[in-house]
Amino acid sequence: MPTDSADHTDQADLPDLCSAKAVLAVILIAELIAIVLTLASHGPQPGFLLALSTTSLYILWLALVCAAVTCAIRPYLTGMPRLTALLIVFALLQGINVAISEAGWWLNTRLGSGQLTALDHGDFVIRNSLIFAIVSAMALRYLFVAGEWRRNVTLEAKARIRALQARIRPHFLFNSMNTIAALTRSEPARAEEAIEDLADLFRATLAESEHRIALKEELEVARIYQRMEQLRLGERLRVDWQVSDLPMRALIPGLTVQPLLENAIYHGIEPLADGGTVVVRGARTDSGLIELTVTNPVAQRKVPSERRGNQMALDNIRRRFALAFDDSATVTIEQSADRYEVQLRFPEVTG
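Residues numbered from 1 in each chain as written. Predicted model: local features only at pLDDT ≥ 70, side-chain atom pairs only at ≥ 80, totals over all residues. Heavy atoms only, no water.

(A) Main features of the side chain of Glu-218. Position of Glu-218 among the secondary structure elements: in helix 8 (residues 215–233). No salt bridge is formed by the buried Glu-218. Its closest oppositely charged neighbour is Arg-320, at 6.6 Å. There is a polar contact of 2.7 Å between the side chain of Glu-218 and the backbone nitrogen of Thr-256. If near-sequence neighbours (up to four positions away) are discounted, Glu-218 is found in contact with Ile-213, Ile-252, Pro-253, Gly-254, Leu-255, Thr-256, Val-257 and Gln-258. (Helix = DSSP H or I, 4+ residues; strand = E, 2+ residues; numbered from the N terminus. Buried < 20%, exposed > 50% of the residue type's maximum accessible area, 1.4 Å probe, protein only. Lys, Arg positive; Asp, Glu negative; His and termini not counted. Salt bridge = Lys/Arg side-chain N within 4 Å of Asp/Glu carboxyl O. Polar contact = N/O pair within 3.5 Å; in protein donor to acceptor, adjacent residues only side chain to side chain. Contact = heavy atoms within 4.5 Å.)

So, in structure tokens, the structure goes:
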């Protein structure tokens, strides 16, 4: 295992330039470079816009062709040693630049416009090659660093998922087993159902949850957890499920609702002598997002406090939401002296 890990850290994780977002970024960067080069060579003089359009056309063609080629060869280079892949990409891009420079010079000569350059052929190609070598080296370095950062964020998120999977409190397991043992003589059928629920809960909790699952599956895991706690708390625990309006095929990171319900019961219901009701409410918003809230009563306090158990689960969910939905998902808290509510908002994505 250590050898595999070490080898993986030296493997290339090439940037993905196939997505629409990456293409847009390439176009914007190319246009900025065109503006800078035109300002450096012409300044804001008459004919600036014509020179800018010519330079932009040339640089945009160069940037898009390089992005397309990098996108095409990415599957073949991924997994190679990082330095080898970097050198191959860099050399290939320089070759593309020379070819497009030659094509641009030829086209300018045929048109006889004189707008492309005032340099002779050799100076034009050498100048373009030097500028492109510097810019492409900086771009590749940035993209590789950004890709490495993204990979580290993904690995951290996976590690947090595994930590959450192993996080079911020991007292929950012990209490569940004691409850099942007490039921085996008085209510054997109910004890058998409880064992099946416990097995299903641990199967879902210990399964690989790196990918998003259907909202229906996630709510079912939370309901199983409720049934197990119901055996212990009895009538003190009530859960009001108001989720009929939710799109059950929508995808959500696994182990999202269950930890919120667990914290609502552990920090909200258990300390209350008479128990209380946890409300799980879901609906679509006017902006097309899915809104899911978990609300529980809390024991009277002079000053509401952030509870450590809740914060660990919420931090975990925030990081995984950011990884799954970028900036389009939010996790917010509303609390008062007698009420605690967690609200999740995320886009409706189906498989």
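(B) Region of the structure containing the environment of Cys-66. Looking at where Cys-66 falls in the secondary structure, it is placed in helix 3 (residues 48–77). You can call Cys-66 buried: its relative accessible area is 8%. Remark: the alpha-carbon pair of Cys-66 and Leu-92, spanning 26 residues in sequence, is separated by 8.7 Å. Sequence-distant contacts of Cys-66, defined by excluding residues within four places in its chain, comprise Leu-93, Ile-96 and Phe-132.

(C) Local environment of the pairing of strand 5 (residues 289–297). Judged by how many residues are buried, strand 5 sits mostly within the fold: seven of nine residues are covered. Bridging between strand 4 (residues 276–284) and strand 5 involves six bridges; their strand directions are antiparallel. Across the sheet, Arg-284 pairs through a bridge with Ile-290, a residue of strand 5. What sits between strand 4 and strand 5 in their antiparallel hairpin is a turn of four residues, with Gly-288 showing a positive phi close to 90°. Two elements, strand 5 and strand 7 (residues 339–347), share nine bridges in a ladder whose sense is antiparallel. In the sheet register, Thr-293 faces strand 7, and the bridge partner there is Gln-343. (Pairing = 2+ DSSP bridges.)

(D) The arrangement of the state of the cysteines in detail. Inspection of every chain in the model, using the stated rule, returns one disulfide. A sulfur-sulfur separation of 1.8 Å characterises the disulfide bridge that pairs Cys-18 with Cys-71. Between Cys-18 and Cys-71, the disulfide has an S-S torsion of 110° and is therefore right-handed. On the criterion of sequence distance, the pair formed by Cys-18 in the loop between helix 1 (2–9) and helix 2 (20–41) and Cys-71 in helix 3 is long-range, its members being 53 residues apart. Residue Cys-71 is classed as partly exposed on the basis of its relative accessible area, which comes to 21%. (Disulfide = S-S within 2.5 Å.)

(E) Representation of the packing of aromatic side chains. In total, this model carries three aromatic pairs according to the counting rule given. With centroids separated by 5.7 Å and ring planes inclined at 75°, the aromatic side chains of Phe-321 and Phe-346 adopt a geometry described as edge-to-face. With Phe-321 in helix 10 (residues 308–325) and Phe-346 in strand 7, the pair connects residues that are 25 residues apart, well separated along the chain. On the accessibility criterion, Phe-346 (0% relative accessible area) is buried. Connected via pairs of aromatic rings, a cluster forms that spans Phe-321, Phe-325 and Phe-346. (Phe/Tyr/Trp six-rings, centres within 6.5 Å; stacked < 30°, edge-to-face > 60°.)

(F) Summary view of the confidence of the model for the chain. Confidence in the prediction of the chain, expressed as mean pLDDT, is 79, and 82% of residues score 70 or more. Between residues 1–9, whose pLDDT stays under 50, and residues either more than four places distant or in other chains, the model counts three contacts. Scored below 50 in pLDDT, residues 302–307 shows 13 contacts in the model against residues more than four places distant or in partner chains. (pLDDT = per-residue confidence, 0-100.)

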